[in-house]
Amino acid sequence: MAEDRAEPGGVPGRGRGKTVRQVAIAVFALLLVTLSIALYLDERSSGQASTQVGTPGGLGWVEFVVTAQKVDPGGQEVTLSVIPVPHGTLAQEPGSPVFERTVEVTTTSLSKPSFRVAAGAPTGQQKLSVGLYGDTVTDYPFDRYSMVVGLAATVDGRPLPVMMTFRDVDPFFVVKPRNDPRTVPDHVTLDADVARSRSTFILAWFMMAAMWALALAVLGGARVLLLKRPGIVWPALGWMAATLFALVSMRNAAPGNPPIGSIMDYLAFFWAEALIAVSLTITVATGIRTELKPTATTPTPETPAPGTPDS
């Protein structure tokens, strides 16, 4: 059986094993980078995807370009951008954004239940707010909601065929239309599910894991100090106190600004702060007792007077 040759000044097989480990680490890092890029591209493409609801018909019809711009779970509403686009005989010219006739638009929004697009005027952007229903914001980051938006258009009281092109641009949420949109010729209604985006979900989980890791690190450091009893170790106490306040800043930087008392707080933040505070307090108390504890002094031999012979 062939034996591994020893490298000059080394151990047999050590150089080969080191090379294998380096290659494995490089391959693993490349896989992580590839997976991260793939997840980003998938989320980017899903965020830019548009959904069409309704089938236009007739000589003149209206297309509503609806964009979910901001989801506000605290206010229980979604801010939408609505742009009416004329088609067919409703447009002054083929492909023109200007309406030939005045159109009345009716919506399901409580902030603006209706608005008018005047004849001859360029199509303008309208801001609407629709309700958000479902969980509460304290369920962060597991909260899920639903929303409904409906639109209709009329000319001189006569209903017009309509359709909707919907997309979502809020980076913190994913607004996903359901597969069963309700449509009739003279109005269109879209039901959608609203959930936290994948990046928000991943970052929230990472922050919770980091909080527990930092808290356990402080707990381990406190245990070492309690066993060795070196007294007051100021660098260690400064590190513990800095970690205590650093977690507050980390928690406040959570994407989506979750309110205090959310699930993330009960799963990680509150426990981490409690462990660090208790560890710091016990370490300081033990250090103070060690520093104030009297130490036994050993007697020193008397120095003989000058000129006195040693006995």
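As shown above, the structure is provided for reference.
Computed from a predicted model, the values in this text were never measured in an experiment.

Definitions and cut-offs
Residues numbered from 1 in each chain as written. Predicted model: local features only at pLDDT ≥ 70, side-chain atom pairs only at ≥ 80, totals over all residues. Heavy atoms only, no water. Axes fitted to C-alpha atoms, helices over the stretch in contact; angles between N-to-C directions. Helix = DSSP H or I, 4+ residues; strand = E, 2+ residues; numbered from the N terminus. Parallel < 35°, antiparallel > 145°, perpendicular 65-115°, else oblique. Left-handed = near helix turned anticlockwise from the far one by under 90°. Contact = heavy atoms within 4.5 Å. Nonpolar A, V, L, I, M, F, W, Y, C, P; charged D, E, K, R; others polar. Patch = residues over 30% accessible without salt bridge, like charges linked within 9 Å, V, L, I, M, F, W, Y side chains within 5 Å. Areas by Shrake-Rupley, 256 points an atom, 1.4 Å probe, with all protein chains shown as cover. Salt bridge = Lys/Arg side-chain N within 4 Å of Asp/Glu carboxyl O. Core = buried A, V, L, I, M, F, W, Y, C linked by side-chain atoms within 4.5 Å. Buried < 20%, exposed > 50% of the residue type's maximum accessible area, 1.4 Å probe, protein only.

## Re the packing of helix α3 (residues 234-252) against helix α4 (residues 263-292)
Part 1 of the reasoning: Two elements in contact, α3 and α4, have axes whose closest approach is 10 Å; the angle formed by their N-to-C orientations is 160 degrees. As the angle between them shows, α3 and α4 are arranged roughly antiparallel. Helix-helix and strand crossings are classified by hand; for α3 and α4 the assignment is left-handed. Residues L237, M240, A241, T243, L244, L247, V248 and R251 of α3 pack against M264, D265, F269, A272, E273, I276, A277, S279, L280, T283 and V284 of α4.
Part 2 of the reasoning: Residue composition of the contact of α3 with α4, by class: 13 nonpolar, three polar and three charged.

## Thoughts on a nonpolar patch on the surface
Part 1 of the reasoning: A cluster of nonpolar side chains, F142, F201, W205 and L267, forms an exposed patch at the surface whose accessible area comes to about 350 Å².
Part 2 of the reasoning: If you trace the backbone, F201 turns up in helix α2 (residues 198-228).

## Notes on the nonpolar core
Part 1 of the reasoning: Residues F64, L80, M147, L151 and M164 are the most contacted members of the largest nonpolar core, which totals 35 residues.
Part 2 of the reasoning: With six residues, the top contributor of residues to this core is strand β7 (residues 144-155).
Part 3 of the reasoning: Residues in contact with L80, not counting those within four places in the same chain, are V66, T67, A68, Q126, K127, L128, V130, M147, V149 and F166.
Part 4 of the reasoning: Ranked by size, the runner-up nonpolar core spans 22 residues in total, among them L225, A236, A272 and L280.

## Details of unusual backbone geometry
Part 1 of the reasoning: A cis geometry characterises the amide bond from Y140 onward to P141, with omega recorded as 0 degrees.
Part 2 of the reasoning: The residue P141 is located in the loop between β6 (126-134) and β7 in this model.
Part 3 of the reasoning: Notably, Q76 is not glycine yet its phi reads approximately 55 degrees, a positive angle.
Part 4 of the reasoning: Along the chain, the position of Q76 falls in the loop between β2 (60-72) and β3 (77-88).
Part 5 of the reasoning: The exposure class of Q76 is partly exposed, given its relative accessible area of 31%.
Part 6 of the reasoning: With phi around 55 degrees, D156 is a residue other than glycine that occupies positive phi space.
Part 7 of the reasoning: By the element assignment, D156 lies in the loop between β7 and β8 (158-159).
Part 8 of the reasoning: In this structure D156 comes out as exposed when scored by relative accessible area, which is 66%.

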